[in-house]
Structures are given as C-alpha cells and as structure tokens.
2 protein chains.
Amino acid sequence: MITVQQAEDIILSQAKDFGKEYIAYDQALGRVLAEDLTADRDLPPFDRPTVDGIAIRYNAYEKGIRSFPIKAVQSAGEPPIPIDTETECIEIMTGAALDRSADTVIRYEDISINNGMASFTVDIKKGQNIHLKGRDKKEGEILVKAHQVITPAIIGIASSIGKTSIAVKKLPKIIIISTGDEMVSPESIPSAYQLRRSNGITIQSVLKKYHVEADILHLNDDYEEIKKEISRCIHEYDVLLMSGGVSMGKFDYLPQVCEELGIKKLFHKIKQRPGKPFWFGKNNADKLVFAFPGNPVSVFMCLHRYCIPWLEKSLEIPGSSPQFAVLQNDIEVPFSLQYFVQVKLGTNQLGQLTAESVYTNGSGDFSHLADTNAFIELPLEQNSFKKGEVYRIWKYND
Amino acid sequence: MITVQQAEDIILSQAKDFGKEYIAYDQALGRVLAEDLTADRDLPPFDRPTVDGIAIRYNAYEKGIRSFPIKAVQSAGEPPIPIDTETECIEIMTGAALDRSADTVIRYEDISINNGMASFTVDIKKGQNIHLKGRDKKEGEILVKAHQVITPAIIGIASSIGKTSIAVKKLPKIIIISTGDEMVSPESIPSAYQLRRSNGITIQSVLKKYHVEADILHLNDDYEEIKKEISRCIHEYDVLLMSGGVSMGKFDYLPQVCEELGIKKLFHKIKQRPGKPFWFGKNNADKLVFAFPGNPVSVFMCLHRYCIPWLEKSLEIPGSSPQFAVLQNDIEVPFSLQYFVQVKLGTNQLGQLTAESVYTNGSGDFSHLADTNAFIELPLEQNSFKKGEVYRIWKYND
C-alpha cells in the first residue's frame, strides 16, 4: 500500500494539457484564461475630466483671470471641443474627451455660473481633476495574465478592450460511472435493502465549479456489462471517475476489467481512511481512470484530495497555497492510516482558521457532509492529535 | 451626505422575501434552500456490513465455533438471507442488507475459505463491522437545514433521500441599466472619444454567483428615452441596478427621472470614495433602484458593499461573518470620506489574512480589479492608517 503523498505524486504526474479553445467573452466566467489580455489602446484612451465642471487653460489662471465665458458644453461621447483663446472655458462632463487646448478642470461645486460666465475664487493646481491618457496602462500592456480563473472583473476588462472572443483552457471530457446492484435512481422508491444513488450527481456538482459538464452512467454488478461500457467510455472520454467495485467483494470487478482492457494500474490502495481501496490507472492513450470506493464519504474525500488538484494542475490554475487550520479537539486514531476527519471551520480571535472535528459513523455516514466544510488531514506518523495543533485542510463547502 | 453605515442600514432595511419555488434537485446547485431536508427513512436504512467477508451469530463464537459452512453469498441489493442454524455463516458484501439472524461480520482479510467452509483464528467482538440501521440519523430527522446555499454535498443528500424536487428561494427579477453617450458596445471599434461598455456585463457576472440571470440594457443620455425605459422596467422588474447619470453633470438625469416616476429617494450621496454619488430609492410597490455612479471601480465597490449584502439578506443566506485583514502598508487619506482601497490578500505566518494596498488612478482606473481580491474599508474618522492595523475587507475575486 502506498502513502497519501505517493498517491498524490502519481496522480499529479498525470496532469495533462487539453489545449485551448475560443469562446464568447460573456460565456467565459469561471473558465481558465489561456491568453494574456492586453490593452488595445492607452487606458484611459483620452484625457478625461474626473469631475463635472469647466475646463480652462492654466495659463489664464496664472495671469489672474477668474471669470471665463463658456464657449460650449462638451458632453461625453462627443469629439473634443477646443478653447480658441485662453480667456474662454468649456463646460465639460465626467467621461468626456478633453481637448489639448485645455489643461485644468474645476468642478461645479467650486464655481458659479451667471449669464454664460463661469467664475471661481478657489485656488487651483495645474492639471487638476484630469485622468490623463495612458495613465493607467499603455497600449499593448498586459491587463490580465493567462492561467487564472475568469472572474467578473476580468469579464469587465475583456469587454472594455473589445476582447469578445477569449482563449480559454479546454476541459477534459469526463464521465462518472457508479456501480452497485443495490443502488437505485433518486426517483425510485427503494426496497428495504436498496439505496438511492448519490455519488454521480455529487461528483458532477463538484465539477460544475470548473464548468466541466460530466456525463453520468450507472452500471449493475454485471461483469460483461461493466467491461463493455468501460471499453466504450475509455475511448469516448478523457477521464473516467468511478465509484464502487474496487474493494475485496466478490462483485468488485473494476480492477480486473480495467486490466483486461489495457488500463494499467498505477496504484491500488492508499494508507488512508476513508478511501483506502482507491484504484488509479491509465491506458496507452493516457486516458485516466480514477476508481474510488463506493461510500459517499470516501468518494468525496478522494475527489477533493486527488482529483480536483489533478484537474487544477491540468488546467494550469496556479496551485492555491495549502491551507491549514487549528484543531479544536483531541483526536485518537486507533489504526495506522492517514486519517481524514470532517471538520467545521471557523476563525479565532487571531484571525486563524479553526477546525472542529465531527463524530461520524464511518465512510457510509454521509449525513455530516452538508454541515461540515473540510477534511483535516492527520499525518500517518502519529496516532494522537491534540487541540491547538495545526494541520492541513481540504475545503469542500465553499 | 450620509455615512456608509447609514447607507447600509437603509439598504438592508429594504431586504425583501421573494418567496419560494420548487425546482429539480439536479438544477439546484448554488440556489438557496427554502426547506429543511429530512431523512425519509433511517440512515442507514438497514444493518449493513462495512467490510466484505462473512456474517455469523456471535453466540456460536462464544461457544468456541471457529469454522462455518457458507450457506449462501449475499450481495448488495438482494433481500437479506437468514442464517438457519448458528453453525452457519453467510458470505456477505459491503452495502448488502444483513439479516437479523446474524450479528457480527468478519472481513475476508481475517478468514480463510476452503471447500465451502470459512474459518478464522482472530479474536472478534460482538457486532463488529456493522453499520447499524438508524445509527446516523432516524427517519424524520433533519439532515440539512433551510436557508443555506445548496452545495454538491446537499445535492448528494437530496438524491439519497429521493428529494427530487426542492424548495428554493425565488430570485428577484433584476435589470442592469447603464447610461452614457460615450459608451459603445464591446463589439464596436470606439472612436477616439468613446469607450466600450463594461459595467453591465460585470454586474451580470457577479450576480451569476447567486444564479440571478439579470437582463442588461444600455441607454443614451436622452431624458425622454431614459424616462420611458425606467418607467417600463420599474413595472417589469423587482430591482433596477443602474450605472452612471447620478452625479453633477448636465446629463445626469436619473435622480430627476426617478422622482417624476414616483421612485422616492431614500438617499443620494454617501461619505465614501469611490462611489460618493450613489443614489438609492424605491417606489410604492417596493421596487428598488440602486443607481451607482458610472465609473467601473465605483460600480464594483457599491455592488459588493451594498447590493450583494442586500441580496443575501433577501435570500435569507445567513450573514457571513465580517472579514478583517492586516494592512501591509501605511495609507494617508487627504479627504474626509470613508475610503475603500483595492488590496491583494495573502496570509501571514500566524495564519491571518493580510491586505496589501494597490496604487490606482482613481475610480476610472479599473485595470487593477483583476489582480486584487478585495476592498479594505478605512474608517471615516481617521486620515492616517498604519501597517499592522486591522480593518474590514469586502472580497470580490473569490
């Protein structure tokens, strides 16, 4: 059996570039940017008043002039109107383009206007209240670097620079396959010895954060059916995420089926709880199979601990730095497995993250996944963990 | 002019319940749950082995029996098979339903099977390796409380309990209206004195996090057109989010138009930068108008500081506790306005959030919105802020 660290290394070494594609900017939220966004012209593209008021030539002010006939009103979106002589002013609005003949703007609050004359008594500075052309960024300068998740702010910037088609990382084609004769659809009334399926929809929902629209398939514990479907899926998809069928049971066919189909085992079983029987492999075409044990908590843990980091690395999302939290209670671990405990996160008065562990009845007990926020990962080397100690966490309910 | 706190109080006092609706569980991710989810039967619904192996009656073990003929193989999804005499065992798989006639399970790793006989030498405990019916939750017990955002784990739980139609909070109907003659579409090649629009798509993108699909409209600075369209929209929508047209400019028609349409001003102008000219009002039917100033940074700040908290309160999402960060540089504020500064967040060695401020060229400079994560809110009462001091932050790029 390998360690959690070894499993992580093997899985991350299979990170893969799925290429890029161009999509409309208004569909790009949450996708991963695959090109730098650069300024198509200077920002701002013209000298613009930052207030509503009048524009004058500072020279006139230096000569003692404090009262100016208004030559014209310059609104936003119009060609700039020049001042013909330095004794004139232009009434000008925020967002308008200031003509080069004016160099200083005085806000309405500081002037009075009577009979077409604008006057003021305040002291002013040359160039005040003007946001100069190119002051924020120069044409061609990078505004947004590639390899980050596209946020609303990035969408807004793309819109501003007319970048209506954006290169984003292509997403892997994923199918989620659950197995188990006892699992019926959520629409069914299960018999006393059946359960409703949930792993498929849960995994699919987690992947939606990355805009991966995974397909879902359920298979009964029928050797030939499983073999036929995996054979089909390994051709049609980049990644198979499976749940169930990898343990010691008589009907746990997956490892054998995979081997027969040329899907090479990279590991089977990790020194961890939950999720010990996790099987991972790939075929010659680098198609990957993550085969998780069937219990909902095991699936959830393996997905967040291994599969999501693999996906983020494949999409070249800069690895979010590891997160740690302060344990809020003592935990004794009576076995030699790296233990992942469901915790509720909080913050203490120092502003540190805290993690309060929740008692559960093993990996079949999914009833706490909704009211906890993370797994805390307790190192294999120890069996005794004390309140106040700090360990790594893996968040799930963000 | 009112303070930030007064503005917040006024806006939050207008939080409104938009009712609830039922949607399919697999469409509910990210919506707000409007009912408790309860266990439709005991969890687990039957006694289930947590390992693959054999099931025996402990009584037999007490009598010294260590070798048992295998009566049958019990797989998951089948009706439970009873043991007829205490000298027998059942070979049983994880997830199967254990019959009441057996009470203890021994895993394959601890037994040997020869000629239909299962034998073991290990010590066992009565009831081991069984996840008892109702051990996690009893039928009718609450699994997930109402008034939280639906996560993948909640979708999974809903699936498990057959809750295929879920009550969620209804979302307000929102339209985003931008104004300004200088603003052209992102598809256009702007003239030297025009800009491409971005506020509409930015606001729309932020609201998508809440699954609000807001409409977008752009209006030129034409008094009659603006009046006609606002009159239409205030009937058709619950909320109007506007940008531009609320300042001192000659073409800043919104406050007047709103008044003429019976939309009562609740405030105009806040002691803050950016976003000072923010106008907020409502009509007799409690339709709301958030009219932000037109600069992208002002819009972004007002949206996250006021509008999103209003939306979260309206949807009854439990208020996320305020977040604070340690300032990483000194800031001098040469004006008497509550100052919101764009910051990059990090963490220090104590695990505290840190906030490094970014120098910008005022509220027209949107070039940093993509590489910062939050606004830090610097209190109105001070002008001098020092490295190491802790202030409240408002995150935007999560």
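The structure displayed is predicted, hence computed values, not measured ones.

J.: I'd love a proper account of the overall build of chain A, names of residues and values included.
T.: A count of helices and strands for chain A gives seven helices and 28 strands. Here the C-alpha atoms of chain A give a radius of gyration of 31 Å, more than 25% beyond the 21 Å that 2.2 N^0.38 yields for 398 residues. Its C-alpha atoms give chain A principal-axis dimensions of roughly 95 × 50 × 40 Å. Across chain A, contacts joining residues at least 24 apart in sequence account for 70% of those joining residues at least 6 apart.

J.: Go over the interface of chain B and chain A with me, naming the residues and quoting the values.
T.: If you look at the interface, chain B gives 81 residues, while chain A gives 81 residues. With both chains or domains summed, chain B and chain A bury close to 6700 Å², and 59% of this area falls on carbon and sulfur atoms. Here chain B and chain A share two salt bridges between them. Between Arg196(A) and Asp40(B) there is a salt bridge whose closest N-O contact spans 3.0 Å. At the surface where chain B touches chain A, the tally comes to 21 residue pairs in polar contact (both at pLDDT 80 or more). Of all the secondary-structure elements, those providing two or more residues to the side of chain B that touches chain A are β11 (142-144), α3 (152-160), β15 (195-196) and α4 (199-208) of chain B. With eight residues, the top contributor of residues to the side of chain B that touches chain A is α3(B).

J.: Talk me through the pattern of salt bridges; I want residue IDs and the actual numbers.
T.: Residues and elements named next belong to chain A. For the structure shown, the criterion picks out 33 salt bridges over all chains. For the salt bridge of Glu316 with Lys169, the shortest nitrogen-to-oxygen distance reads 2.6 Å. A residue pair is termed long-range when its members are at least 10 positions apart, and Glu316 in the loop between α7 (296-314) and β22 (323-327) and Lys169 in strand β12 (residues 165-169) qualify at 147 residues. Under the relative-accessibility criterion, Glu316 is labelled partly exposed at 33%. Judged by relative accessible area, Lys169 falls into the buried class, the value being 4%. Connected through shared salt-bridge partners, Lys228, Glu229, Arg232 and Glu236 make up one network.

J.: Go over a negative patch on the surface, please, and point to the residues and values.
T.: A cluster of acidic residues, Asp181(A), Asp222(A), Glu224(A), Glu225(A) and Glu78(B), forms a negative patch at the surface. Inspection of the secondary structure puts Asp222(A) in the loop between β16 (215-219) and α5 (223-236).

J.: Which residues make up the sheet that holds strand β7 (residues 104-107) of chain B, and what values go with them?
T.: Residues and elements named next belong to chain B. If you walk across this open sheet you meet the six strands as β7-β4-β6-β5-β9-β8, and the pairing is mixed. The open sheet has two edge strands with one neighbour each: β7 and β8 (111-114). Taking the axes of each pair of neighbouring strands and ignoring which way they run, one obtains an average angle of 40° across the sheet.

J.: Give a detailed account of the side chain of Lys287(B), specifying residues and quantitative values.
T.: All names here are of chain B. Note on placement: Lys287 falls in the loop between β20 (279-282) and β21 (288-292). An unpaired buried charge is present at Lys287: no salt bridge exists, and Asp238, the closest side chain of opposite charge, is 5.0 Å distant. One polar contact links the side chain of Lys287 to the main-chain carbonyl oxygen of Ile234, over a distance of 3.0 Å. Ignoring any residue separated from it by four or fewer positions in sequence, one finds Lys287 in contact with Ile234, His235, Glu236, Tyr237, Asp238, Gly281 and Lys282.

J.: With reference to specific residues and values, describe the pairing of strand β26 (residues 374-378) of chain B.
T.: Residues and elements named next belong to chain B. Burial analysis of β26 places five of its five residues in the buried class, which makes it a mostly covered element. The side-chain alternation of β26 yields two buried faces, one formed by Ala374, Ile376 and Leu378 and the other by Phe375 and Glu377. Here strand β24 (residues 338-347) runs beside β26; their pairing, made up of five bridges, is antiparallel. The partner of Val341 across the bridge, within β26, is Ile376. Note: β26 against strand β28 (residues 390-395), three bridges, orientation antiparallel. Opposite Ala374, over in β28, you have Lys395 as the bridge partner.

J.: Summarise α3(B); cite the residues concerned and give the values.
T.: Residue and element names in this part refer to chain B. Buried residues dominate α3, accounting for nine of its nine residues. All buried positions along α3 are accounted for by Pro152, Ala153, Ile154, Ile155, Gly156, Ile157, Ala158, Ser159 and Ser160. One or two positions beyond α3, positive phi appears at Gly162, with a value near 70°.

J.: So what about the relation of the copies chain B and chain A? Which residues, and what values?
T.: With an axial shift of 0.0 Å and an RMSD of 0.0 Å, the rotation relating chain B to chain A amounts to 180°. Interpreted geometrically, this transformation is the action of a two-fold axis. Using C-alpha coordinates, one finds that chain B approaches the rotation axis most closely at Gln352(B), a distance of 2.8 Å. Of all interface residues in chain B, 100% are interface residues in chain A too; the two copies therefore contact each other through one and the same surface.

J.: Would you mind going over the sheet that holds β20(B) in detail, with residue names and values included?
T.: Residue and element names in this part refer to chain B. An order of β16-β13-β17-β21-β20-β18 is seen for the six strands of this open sheet, with the pairing classed as mixed. Strands at the two margins of the open sheet, each flanked by one partner only, are β16 (215-219) and β18 (264-268). The sheet shows a mean angle of 20° between the axes of neighbouring strands, taken without regard to direction. Two elements, β20 and β21, share four bridges in a ladder whose sense is antiparallel. Bridged to Phe280 within β21 is Phe290. Running over the sheet, α4 touches β13 (174-179), β16, β17 (239-243) and β21 and is turned about 155° from β13. Most of the contacts of helix α7 (residues 296-314) go to β21, to which it runs at about 160°, and overall it touches β17 and β21.

J.: Explain the domain arrangement of chain A residue by residue, including any values.
T.: The assigned domain composition of chain A is domain 1 (4-18 + 171-314), domain 2 (26-40 + 138-169), domain 3 (48-131) and domain 4 (323-395). Taking the mean C-alpha position of each, domain 1 of chain A and domain 3 of chain A sit 68 Å from one another.

J.: Which residues make up unusual backbone geometry, and what values go with them?
T.: Between Arg273(A) and the following residue, Pro274(A), the backbone shows a cis peptide bond with an omega angle of -5°. Mapped onto the elements, Pro274(A) comes out in the loop between β19 (272-273) and β20 (279-282). Of the consecutive residues Leu43(B) and Pro44(B), the connecting peptide bond is found in the cis state with omega at -15°. As for its placement among the helices and strands, Pro44(B) is situated in the loop between β2 (37-38) and β3 (48-49). Of note, the phi angle at Asp286(A) is positive, near 60°, even though the residue is not glycine. Positionally, Asp286(A) belongs in the loop between β20 and β21 (288-292). In this structure, His211(B) takes a positive phi of about 65° despite not being glycine. On the secondary structure map, His211(B) appears in the loop between α4 and β16. Look at His211(B) and you get partly exposed, because its relative accessible area is 34%.

The rules we used
- Residues numbered from 1 in each chain as written.
- Chains lettered and ligands numbered in written order.
- Predicted model: local features only at pLDDT ≥ 70, side-chain atom pairs only at ≥ 80, totals over all residues.
- Heavy atoms only, no water.
- Helix = DSSP H or I, 4+ residues; strand = E, 2+ residues; numbered from the N terminus.
- Rg over C-alpha atoms; globule rule 2.2 N^0.38 Å.
- Contact = heavy atoms within 4.5 Å.
- Buried area = accessible area lost by both parts, 1.4 Å probe.
- Salt bridge = Lys/Arg side-chain N within 4 Å of Asp/Glu carboxyl O.
- Polar contact = N/O pair within 3.5 Å; in protein donor to acceptor, adjacent residues only side chain to side chain.
- Buried < 20%, exposed > 50% of the residue type's maximum accessible area, 1.4 Å probe, protein only.
- Patch = residues over 30% accessible without salt bridge, like charges linked within 9 Å, V, L, I, M, F, W, Y side chains within 5 Å.
- Areas by Shrake-Rupley, 256 points an atom, 1.4 Å probe, with all protein chains shown as cover.
- Lys, Arg positive; Asp, Glu negative; His and termini not counted.
- Charge placed at Lys NZ, Arg CZ, Asp CG, Glu CD.
- Pairing = 2+ DSSP bridges.
- Axes fitted to C-alpha atoms, helices over the stretch in contact; angles between N-to-C directions.
- Least-squares fit on C-alpha atoms with pLDDT ≥ 70 in both.
- Domains from an automatic or database assignment.

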